[in-house]
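Overview (structure and organization)
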Amino acid sequence: QVQLVESGGGLVQAGGSLRLSCVASGRTFSRHGMGWFRQAPGKEREFVAGISNGGSTVYAESVKGRFTITRDNAKNTVYLQMNSLEPEDTAVYYCAAGWGVRTAPATYDYWGQGTQVTVSS
């Protein structure tokens, strides 16, 4: 069982930056692929970024060049650095743990509770 706790969300102006963190419990973190997803009101949950247990990364087209996902296995933590934020990035952001790196939410086994990111124009 893996428990995930996100933090770092908040309110920021367009063009600003935020860094989200997700801390995992347990001793299997380094074996998991990790993903960040987001869900805006009235929309489906969508893939944002993922990182494999070996450090390979995948990004949604909408965030490429603006967001960076990294992980620190010694701290059981995955990060999402978000730069050049746009109002369209406003959503609840979720951290997820699975096996491999995939873009479909159903392929992840564990989820955090989410953290709100609001970007004002």
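Above this note sits the structure.
Please read these numbers as outputs of a predicted model, since none were measured by experiment.

Another point: the nonpolar core. If you look at the biggest cluster of nonpolar residues, it comprises 33 residues, and the most contacted ones within it are Trp36, Val78, Leu80, Met82 and Tyr93. Elements with a contribution of two residues or more to this core: strand E3 (18-24), strand E4 (33-39), strand E5 (46-51), strand E7 (67-72), strand E8 (77-82), strand E9 (91-98) and strand E11 (115-120). A total of five residues in this core trace back to one element, the largest contributor, which is E9. Contacts of Tyr93, omitting those with residues within four sequence positions, involve Glu6, Leu20, Trp36, Phe37, Arg38, Val48, Phe67, Leu80, Met82, Gly114, Thr115 and Val117.

To continue, consider the side chain of Thr115. Along the chain, Thr115 falls in strand E11. Judged by its relative accessible area of 11%, Thr115 is buried. Among the polar contacts made by the side chain of Thr115, one reaches the main-chain amide nitrogen of Gly9 at a distance of 3.2 Å. Setting aside anything within four residues of it in sequence, one finds Thr115 in contact with Glu6, Ser7, Gly8, Gly9, Leu20, Ala91, Val92 and Tyr93.

Turning our attention to the pairing of strand E1 (residues 4-7). Across the two faces of E1 the burial differs, with Leu4 and Glu6 buried and Val5 and Ser7 not buried at all. The pairing of E1 with E3 spans four bridges and is classified as antiparallel. Each residue of the ladder has a partner; that of Val5, found in E3, is Val23.

For the structure shown, the criterion picks out one disulfide. A sulfur-sulfur distance of 2.1 Å marks the disulfide that ties Cys22 to Cys95. Disulfide Cys22-Cys95: torsion about the S-S bond near -75 degrees, hence left-handed. Here the residue Cys22 occupies a position in strand E3, and Cys95 occupies one in strand E9, the gap between them amounting to 73 residues. The exposure classification of Cys22 matches that of Cys95, with both residues buried.

Moving on, we get to the packing of aromatic side chains. A full pass over the atoms with the stated rule returns five aromatic pairs. Look at Phe37 and Phe47: their rings are 5.6 Å apart centre to centre, the planes differ by 75 degrees, and that puts the pair in the edge-to-face class. With a gap of 10 residues between them, Phe37 in strand E4 and Phe47 in strand E5 connect regions that are remote in the sequence. Each member of the pair, Phe37 as well as Phe47, is classed as buried. On the numbers, 5.0 Å between centres and 55 degrees between planes, the contact of Phe37 with Trp111 is tilted. Of this pair, Phe37 sits in strand E4 while Trp111 sits in strand E10 (residues 108-111); the two residues are 74 residues apart in sequence, bridging distant segments of the chain. For Trp111, a relative accessible area of 26% translates into the label partly exposed. Here a set of aromatic residues connected by ring pairs shows up, and it is made of Phe37, Phe47, Tyr94, Tyr108 and Trp111. Positioned above the aromatic ring of Tyr94, the side-chain terminus of Arg45 is 3.8 Å from the ring centre. Positioned over the ring face of Phe29 is Arg71, at 4.6 Å from the centre of the ring.

Procedures and definitions
- Residues numbered from 1 in each chain as written.
- Predicted model: local features only at pLDDT ≥ 70, side-chain atom pairs only at ≥ 80, totals over all residues.
- Heavy atoms only, no water.
- Core = buried A, V, L, I, M, F, W, Y, C linked by side-chain atoms within 4.5 Å.
- Buried < 20%, exposed > 50% of the residue type's maximum accessible area, 1.4 Å probe, protein only.
- Helix = DSSP H or I, 4+ residues; strand = E, 2+ residues; numbered from the N terminus.
- Contact = heavy atoms within 4.5 Å.
- Polar contact = N/O pair within 3.5 Å; in protein donor to acceptor, adjacent residues only side chain to side chain.
- Pairing = 2+ DSSP bridges.
- Disulfide = S-S within 2.5 Å.
- Phe/Tyr/Trp six-rings, centres within 6.5 Å; stacked < 30°, edge-to-face > 60°.
- Lys NZ or Arg CZ within 6 Å of the ring centre and 35° of its normal.

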